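Per-entry structural report
Letter by letter, the chains look like this.
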Amino acid sequence: MADQERTALKQSLQATELPKIKKDTAVITSERYKTPRSSPLVFHFEPYSFTSPALRLQDSTIKHEVVSGKDVYIIDDFFIESEAEELRNFSTNATFSKDIFANNESKVKGELPDRAMDSKEKWVFFANPPQAIKELYKLMSWLSNEMEADISTLPWEMYDQDICAPAFATNRVVFKSKESSELGKHKDYDTDEGLSFGIPVLYAKEPQQLHPSSFPNGSEGKPWLISLMAYATSPAFSTKHGLGTIFCDDDGKTKMCADSKNMRFVIFEGDIIHSIESAKLPANPDAWRVSYVFKLIVNPKRKDQSMKKRMQEILQSFQK
Ligand SMILES: [Fe+2]
C-alpha cells in the first residue's frame with residue numbers, strides 16, 4: 001500500500017472504528033483516600049481488534065529505553081497530519097485554568113506557573129477528546145486484546161487531606177527552572193509501597209478477590225501500572241527549549257530525557273522517578289508544550305503472564 005493510501009485508510013477508520021470505553025467503580029482500600037472529593041470511577045478500554053492501531057504502529061518509530069530495569073517507550077509518527085493539526089489547535093485554544101507550581105518554593109520565588117485543566121475541563125476533554133486522543137484510546141483497546149489484559153485508567157481522582165492523585169492530568173509548560181525541575185521529581189504511583197485502591201484478580205476463582213495492595217510492578221500474574229503521555233507543542237516550540245521529561249535512577253540522578261516533540265507519545269512505568277526537564281531557553285509565551293497524561297492499569301487475565309514482558313514483545317514486533 002502506498003503512503004497516500006495508508007493515510008486515506010487511517011482517515012476512513014477514524015469514523016468506522018470508534019473507541020470502546022466502559023465505566024466502572026474501583027474499591028478504595030486506603031482510609032487516607034476515603035474522602036468526599038475522591039472519585040473512584042475507572043474507565044476500561046474494552047478489548048477489541050481495531051485495524052487502526054496496528055496500521056499506525058507499522059508506520060511508527062518506536063524507541064525502547066530502560067531506566068533502573070523499568071521500561072520507557074518513545075513513539076513517533078503514529079498520528080496523521082490532520083490529527084496533529086487538530087490537537088495543536090485544541091491545545092492553543094483550550095483553557096488550562098489551574099496554575100500549578102512544582103511546590104510552594106517555586107511559587108514564592110515568583111516562577112511562571114505551569115497550567116492545567118481543572119476538573120470540569122478534564123471531564124469534557126476525556127469524554128470527547130480530539131481525534132488523536134481517540135486513536136490512543138483505540139490503541140489501548142487493541143493492546144488489551146493482544147495482551148490478554150484488561151486496560152483501564154486508575155481511579156479518576158483520589159484525594160487525601162491535601163493532595164490529589166488523578167488518573168488523567170494535563171500540563172501546559174512554558175518555562176521550568178533547574179530548581180523546580182529538581183523539586184518536581186516524583187513517581188506517579190508506587191506498587192512496592194502499596195496502592196490506595198483495589199485491583200481485581202481476573203483469573204481468580206472467587207469473583208471479588210483483589211490483588212494485594214503492594215506487588216512488583218508488572219511481574220507474572222500481577223498488574224502493570226504505566227503512564228501514557230502525549231505531547232503537543234506550539235509552532236514556535238522546538239526541542240531546543242528543553243521541557244521534555246527526565247527519567248531518573250533510584251537516587252534521583254537523571255538517566256535519560258524524552259524530548260517534547262509535537263505528537264510524540266511516551267509509555268513509561270510511572271514508578272520511575274521523573275520530572276519536567278528544565279528550560280534551555282528564556283521563557284517565550286508563544287513557545288509552549290502541553291502534555292496529556294493517562295495513568296493506566298494493565299491487569300492480566302492469565303496468571304502465567306507478565307504484562308511488562310508482553311508489551312515488550314508486542315512493541316518489539318513493530319520495531320524496524
Ligand atoms: Fe508524573
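Report on the accompanying structure.

Some details on the overall build of the protein chain
- Within the protein chain one finds eight helices and 16 strands.
- At 19 Å, the protein chain has a C-alpha radius of gyration in line with the 20 Å of a compact globule built from 320 residues.
- Counting only C-alpha atoms, the protein chain reaches 60 × 55 × 35 Å along its principal axes.
- Buried positions account for 42% of the 320 residues belonging to the protein chain.
- Long-range pairs, those at least 24 residues apart, make up 78% of the contacts in the protein chain with a sequence separation of at least 6.

Looking at helix α8 (residues 307-316)
- Where α8 is concerned, the buried positions are Met307, Lys308, Arg310 and Met311. In an axial view of α8, the angular spread of the buried residues amounts to 160°, which keeps them on one side of the axis. Opposite the buried face of α8, at more than 90 degrees from it, the exposed residues are Glu313 and Gln316.
- The secondary structure elements touched by the buried residues of α8 are β4 (70-76), α6 (131-147), β7 (149-153), β11 (224-233) and β16 (289-300).

Thoughts on the pairing of β7
- Across the five residues that make up β7, a large majority, five, are buried.
- Every second residue of β7 is oriented toward a common face, with Ala149, Ile151 and Thr153 on one face and Asp150 and Ser152 on the other, all of them buried.
- As paired strands, strand β2 (residues 41-45) and β7 are joined by two bridges and run antiparallel to one another. Bridging across to β7, His44 finds its partner in Ser152.
- The pairing of β7 with β16 spans five bridges and is classified as antiparallel. Within β16, the residue paired with Ser152 across the bridge is Ile297.

A closer look at the nonpolar core
- Leu136, Ile226, Leu228, Phe265, Val266 and Val298 are the most contacted members of the largest nonpolar core, which totals 71 residues.
- When residues in this core are grouped by element, the largest group, nine residues, is from α6.
- In contact with Phe265, other than residues within four places in its own chain, are Ile75, Phe78, Leu136, Leu228, Met229 and Ala230.

Some thoughts on unusual backbone geometry
- Of note, the phi angle at Asp77 is positive, near 65°, even though the residue is not glycine.
- The residue Asp77 is located in the loop between β4 and α3 (81-93) in this model.
- Unlike most non-glycine residues, Glu148 shows phi in positive territory, near 50°.

Description of the packing of α3 against α6
- One can describe the packing of α3 onto α6 by two numbers: an axis separation of 7 Å at closest approach and a directional angle of 115°. For the pair formed by α3 and α6, the contact residues are Glu83, Glu86 and Leu87 on the first element and Gln131, Ala132 and Glu135 on the second.

Rules of the game
Residues numbered from 1 in each chain as written. Predicted model: local features only at pLDDT ≥ 70, side-chain atom pairs only at ≥ 80, totals over all residues. Helix = DSSP H or I, 4+ residues; strand = E, 2+ residues; numbered from the N terminus. Rg over C-alpha atoms; globule rule 2.2 N^0.38 Å. Buried ≥ 20, exposed ≤ 12 C-beta atoms within 10 Å, placed from the backbone. Contact = placed C-beta atoms within 7 Å. Arc of directions from axis to C-beta. Pairing = 2+ DSSP bridges. Core = buried A, V, L, I, M, F, W, Y, C linked by C-beta atoms within 7 Å. Axes fitted to C-alpha atoms, helices over the stretch in contact; angles between N-to-C directions.

What is shown is where atoms sit, not what they do.
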